[in-house]
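So the chains spell out like this:
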Amino acid sequence: MNNNWKSLVLVGVLSAATTLGAYKLLDLDTKEVVFNESAPSAFSKLTTNIEGAPLGTPTDFTLAAEKTVHSVVHIKSKMTQKSVSRRQPDIFDFFGDDLGGLNRRGAQPQEASGSGVIISADGIIVTNNHVVADSDELEVILDDKRSFNAKVIATDPNTDIAVIQIKAENLPFLTFANSDDIRVGEWVLAVGNPFNLESTVTAGIISAKGRSIGILNEARNGNANASPLEAFIQTDAAVNPGNSGGALVNLKGELIGINTAIASQTGSFTGYSFAVPTSIVKKVTGDLLKFGNVQRGYLGVIIQEVNGKVAEELDLKVNQGVYIEKFSDANSSAKAAGLKIGDVITKIDGVEVKSSPKLQEMVARHRPGEAVQVVAIDKDGKVKTVNVVLKNLSGTNSIVKADVNSEIKIEELGVKIGSLSSNEKSKLGLKGGAKILSVDENGRFAQNGIEEGFVITKIDEEPISNANDFAEKMNGRKGRVRLKGTYPQEPGSSYYYEFNIR
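Residues numbered from 1 in each chain as written. Predicted model: local features only at pLDDT ≥ 70, side-chain atom pairs only at ≥ 80, totals over all residues. Heavy atoms only, no water.

**Re the pairing of strand 12 (residues 255-263)**
Worth spelling out the cut-off: For the exposure calls, accessible area comes from a 1.4 Å probe over protein chains only, and a residue counts as buried if that area is under 20% of its type's maximum, exposed if over 50%, partly exposed in between. Helix and strand assignments follow DSSP, with helices taken as H or I runs no shorter than four residues and strands as E runs no shorter than two, numbered in order from the N terminus. A pair of strands counts as paired when DSSP detects no fewer than two bridges linking them.
Counting buried residues in strand 12 gives nine out of nine residues, a clear majority hidden from the surface. Bridge count between strand 12 and strand 13 (residues 272-277): six bridges; the pairing is antiparallel. Bridge pairing in strand 13 places asparagine 259 opposite alanine 275.

**Some details on the side chain of threonine 68**
For the record, the criterion: Any pair of N or O atoms that falls within 3.5 Å is considered a polar contact. Within protein, one atom must be able to donate a hydrogen and the other to accept it, and sequence-neighbouring residues count only if both atoms are side-chain atoms. Should any heavy atoms of two residues lie within 4.5 Å, those residues are counted as being in contact.
For threonine 68, the position within the fold is in helix 1 (residues 62-69). Within the local environment of threonine 68, its side chain forms a polar contact with the backbone oxygen of alanine 64, the two atoms lying 2.7 Å apart. Not counting residues up to four positions away in its chain, the partners in contact with threonine 68 are Leu174, Val191, Ala247, Val249 and Gly253.

**Quick word on the side chain of threonine 202**
As for its position among the elements, threonine 202 is in strand 9 (residues 200-211). The contacts of threonine 202, once residues within four sequence positions are left out, are Val188, Leu189, Ala190, Ala237 and Ala238.

**Focus: the environment of lysine 326**
For lysine 326, the location among the structural elements is in strand 15 (residues 321-327). Taking relative accessible area as the criterion, lysine 326 reaches 48% and is therefore assigned partly exposed. Remark: the alpha-carbon pair of lysine 326 and glycine 300, spanning 26 residues in sequence, is separated by 8.9 Å. Once residues lying within four places of it in the same chain are set aside, the contact partners of lysine 326 are Val301, Ile302 and Ile341.

**Section: the pairing of strand 26 (residues 495-501)**
Within strand 26, seven of the seven residues are buried, which leaves it mostly tucked inside the rest of the structure. With seven bridges connecting them, strand 25 (residues 479-486) and strand 26 associate as antiparallel partners. Residue glycine 479 lies in a different strand from strand 26, and its bridge partner there is isoleucine 501.

**A closer look at the pattern of salt bridges**
To keep it simple, the criterion reads: What counts as a salt bridge is simple: a side-chain nitrogen of Lys or Arg found within 4 Å of a carboxyl oxygen of Asp or Glu.
Tallied over the entire structure, the rule returns 18 salt bridges. The closest approach of N and O atoms between arginine 367 and aspartate 287, which form a salt bridge, is 2.7 Å. Taken together, the residues span a long stretch of sequence, with arginine 367 in the loop between helix 6 (356-364) and strand 18 (371-377) and aspartate 287 in helix 3 (residues 278-291) at a distance of 80 residues. Under the relative-accessibility criterion, arginine 367 is labelled partly exposed at 21%. Here arginine 482 and glutamate 461 are joined by a salt bridge, their closest N and O atoms 3.5 Å apart.

**What to know about the nonpolar core**
As a reminder of what qualifies: By nonpolar core is meant a set of buried Ala, Val, Leu, Ile, Met, Phe, Trp, Tyr and Cys residues that side-chain atoms within 4.5 Å join together.
Within the largest apolar cluster, 37 residues are counted, with the highest numbers of intra-cluster contacts made by Val117 and Leu255. The dominant element in this core, judged by the number of residues it contributes, is helix 3, at five residues. Filtering out sequence-adjacent residues up to four positions away, leucine 255 remains in contact with Val117, Leu174, Thr175, Phe176, Ala177, Ala247, Leu248, Val249 and Thr278. Among the nonpolar cores identified, the runner-up in size contains 23 residues, and Val415, Ile459, Leu483 and Tyr497 belong to it.

Following this line, the structure appears as structure tokens:
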């Protein structure tokens, strides 16, 4: 990445951590969302969206703007910024009676602002993950000024997409266009709430497709299993902090992307903005609603983008495509299908693949167990076509739903706990744990400084697998107890708390 991109910032980003809860809002075993899609049509080469207008007629943006503004919402997020006076225990913390937690934590209220897009009449809204990250309370303000509390259904930090819902009916919503059909140079509108200015519309053109800028690498947070996916639509429509999660639409007022990032050294718009295309938004949103997490298939390859220089260095027979450097593991689905190290992938499901982001996007549209058709050129220049059955990160073809368990209340500790979802465990790089859902201010946990959101990973060095495991290990326990865990909003942190149970 060259130096010009080092100052890329997320639009309106105000927190680096991620909120991954609130699955109880929907029955994830049965919930389906019916995406409202436009009928496929060829894009006109005219410079206008007015039917029958002659070539060169000035473009009219009013139709698209009127269709869009009623379906884009203003999201206000209230959160508590945690502060810590020390991270590691010292000798005085291990002695005495009820000395409290080993980490003294403070709290400062903060507010964030962003946008969202209504995608169904019953109040399902898609936005950016960073808009709702670490939120304690979400307020959604509609274009007609009505206000609702919202709950997070699920999030995917790998694509910076989140789904929330408000309790409302008969809401206006946007239909999905096929983002594969958009063309560089096509007019688009960005609709959102920059700088808390509600229902703001800006115009621009599509500058590039399938752009990867490395901005979602922070989704890894030290987790080797995280797989940020970037294939942004780049535009020159003015987008600023507060536009995050808003709509990018074509001149028919159809959704083609979710505005997510800007290229800027100041934090404000300086020429380019980036949106997650609907090809990704639709897949991710559908998975979050149905399963509670994203079901993403993998080829199981380590890849390198091919250009003229790479082709010459590696003596390849093609100048464009994606080169297979090696297989990620012995169970690679690509290897099992007959692809070889040194092959150059040129097509996925009939679509040309000229870049790594495009390959990742095409594969990520599929779930584990589904097959993709791969066209590749080997070292001798021979073309081969194979069907690859995709696997998940665990190396199986299975669908793995979020682990959503009911709350467990432990009266003697004054706490409610729940299990981590698969998405949360992946995000935090944990094999298990029990998260604190709520804390009674007069309870044992509160008295010792343990706060809501804390994830317990060990009791007296015994690993915790889930909420039931924690409850069982605490049942009947007396004497001094030492808890170890982390706060998700502080990736990589380790906290220790000790107290007596009489």
